[in-house]
Amino acid sequence: MNRTEKSQLASELNARFSKASVALFADYKGLTATQADDLRKQLRAQNVEVKVLKNNVARLIAREGQMGPEVQQVMDSLVGPTLVAFAYGDPAAAAKVFHKFAETNEALKIKSSIMGRKALAAMGVEELAKLPSKEVLVAKMLGAMNAPISNFVGVLAAVPRSLVTVLSAVEKKKSNT
C-alpha cells in the first residue's frame, strides 16, 4: 500500500470516526475466522461496522490532528492487530455485544476506545456495556418527570374525595336516625 492509498484510507476512516458515536478497539489475535464472522454478525445487527485498522494508518489519522489530543493518544498507543467497531447507533448496545463476546472468547481483548472526541479506557467500555439501553434510559427519565405531576393530581383529587366521603357518612348517619 503506497502513501496515497494510505492517506485515502485515512480520510475514509476519519469520516467513519466522525460519524460514529463510539469506536471500540480490540486485539483480535487468536480469533478464528468463524468467531470473527460471528462477532461481525452480532455487531451488524446493532448498526455497527467492523474494520481491521492498520496501526500506521491510525497514526496517520492521529497526525492530522482533527480528532483532539485524547484521541491522538489512543491512536498512538495502538499496538498489534487492531479491530475497530464503529457504532452508528446506541453506543451502549454496541458495547454490550462487544463486551459479551470478549467474555466468551478470550482471544478478543478490548483496548482503549473512543467515544466522540474523548478517550474511553477498556474499563470504560465495560461500564458502558452495563448501562441500560437508550430506550430504557429515556423511559426512566420520562417516568421520573411524570411522577411529580401524578402525585400532584392525586393530592388535588384527594380533597374532593374526602369531602364526598364525609358527606356520604353524614347522609348515612342522618338516614339511620
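Basis of the calculations
Residues numbered from 1 in each chain as written. Predicted model: local features only at pLDDT ≥ 70, side-chain atom pairs only at ≥ 80, totals over all residues. Heavy atoms only, no water. Buried < 20%, exposed > 50% of the residue type's maximum accessible area, 1.4 Å probe, protein only. Helix = DSSP H or I, 4+ residues; strand = E, 2+ residues; numbered from the N terminus. Pairing = 2+ DSSP bridges. Arc of directions from axis to C-beta. Contact = heavy atoms within 4.5 Å. Axes fitted to C-alpha atoms, helices over the stretch in contact; angles between N-to-C directions. Parallel < 35°, antiparallel > 145°, perpendicular 65-115°, else oblique. Left-handed = near helix turned anticlockwise from the far one by under 90°. Phe/Tyr/Trp six-rings, centres within 6.5 Å; stacked < 30°, edge-to-face > 60°. Lys NZ or Arg CZ within 6 Å of the ring centre and 35° of its normal.

Observations regarding the pairing of strand 1 (residues 22-27)
Looking down a regular strand, the side chains alternate between one sheet face and the other. A large share of strand 1 lies buried, amounting to six of its six residues. The alternating pattern of strand 1 places Val-22, Leu-24 and Ala-26 and Ala-23, Phe-25 and Asp-27 on opposite faces, both of which are buried. With two bridges joining them, strand 1 and strand 5 (residues 113-115) adopt antiparallel strand pairing. Bridging from a neighbouring strand, Val-22 pairs with Met-115 of strand 5. As paired strands, strand 1 and strand 4 (residues 109-110) are joined by two bridges and run antiparallel to one another.

Thoughts on the environment of Val-71
Examined against the element boundaries, Val-71 turns out to sit in helix 4 (residues 69-77). Each C-alpha atom of the pair Val-71 and Leu-120 lies 9.1 Å from the other, and the pair is 49 residues apart in sequence.

Quick notes on helix 4
Here helix 4 has its buried residues at Val-71, Val-74 and Met-75. In an axial view of helix 4, the angular spread of the buried residues amounts to 95 degrees, which keeps them on one side of the axis. Helix 4 presents Pro-69 and Gln-73 as exposed residues on the side facing more than 90 degrees away from its buried surface. Looking at the buried side of helix 4, the elements it contacts are helix 1 (3-19), strand 1, helix 3 (55-64), strand 5 and strand 6 (118-120).

Brief notes about the packing of helix 3 against helix 4
Interhelical geometry of helix 3 versus helix 4 gives an angle of 160 degrees and a closest axis separation of 8 Å. Here helix 3 lies roughly antiparallel to helix 4, going by the angle between them. Regarding helix 3 and helix 4, the two cross each other, and that crossing is left-handed. Contacts between helix 3 and helix 4 involve Ala-58, Arg-59, Ile-61, Ala-62 and Arg-63 on the former and, on the latter, Gln-72, Met-75 and Asp-76.

Section: the packing of aromatic side chains
Evaluation of the coordinates by the stated rule reveals two aromatic pairs. When the centroid spacing of 6.1 Å and the interplanar angle of 40 degrees are considered together, the rings of Phe-17 and Phe-25 count as tilted. Residues Phe-17 and Phe-25 agree in their burial class; the two are buried. Ring plane angle 75 degrees and centroid distance 5.0 Å describe the contact between Phe-17 and Phe-86, whose orientation is recorded as edge-to-face. Taken as a pair, Phe-17 in helix 1 and Phe-86 in strand 3 (residues 82-87) lie far apart in primary sequence, 69 residues in all. Taking relative accessible area as the criterion, Phe-17 reaches 5% and is therefore assigned buried. A relative accessible area of 0% places Phe-86 in the buried class. Ring-pair connections join several aromatic residues into one group, and the members of that group are Phe-17, Phe-25 and Phe-86. Lys-19 extends its terminal NZ or CZ atom over the ring of Tyr-88, reaching a point 4.8 Å from the ring centre.

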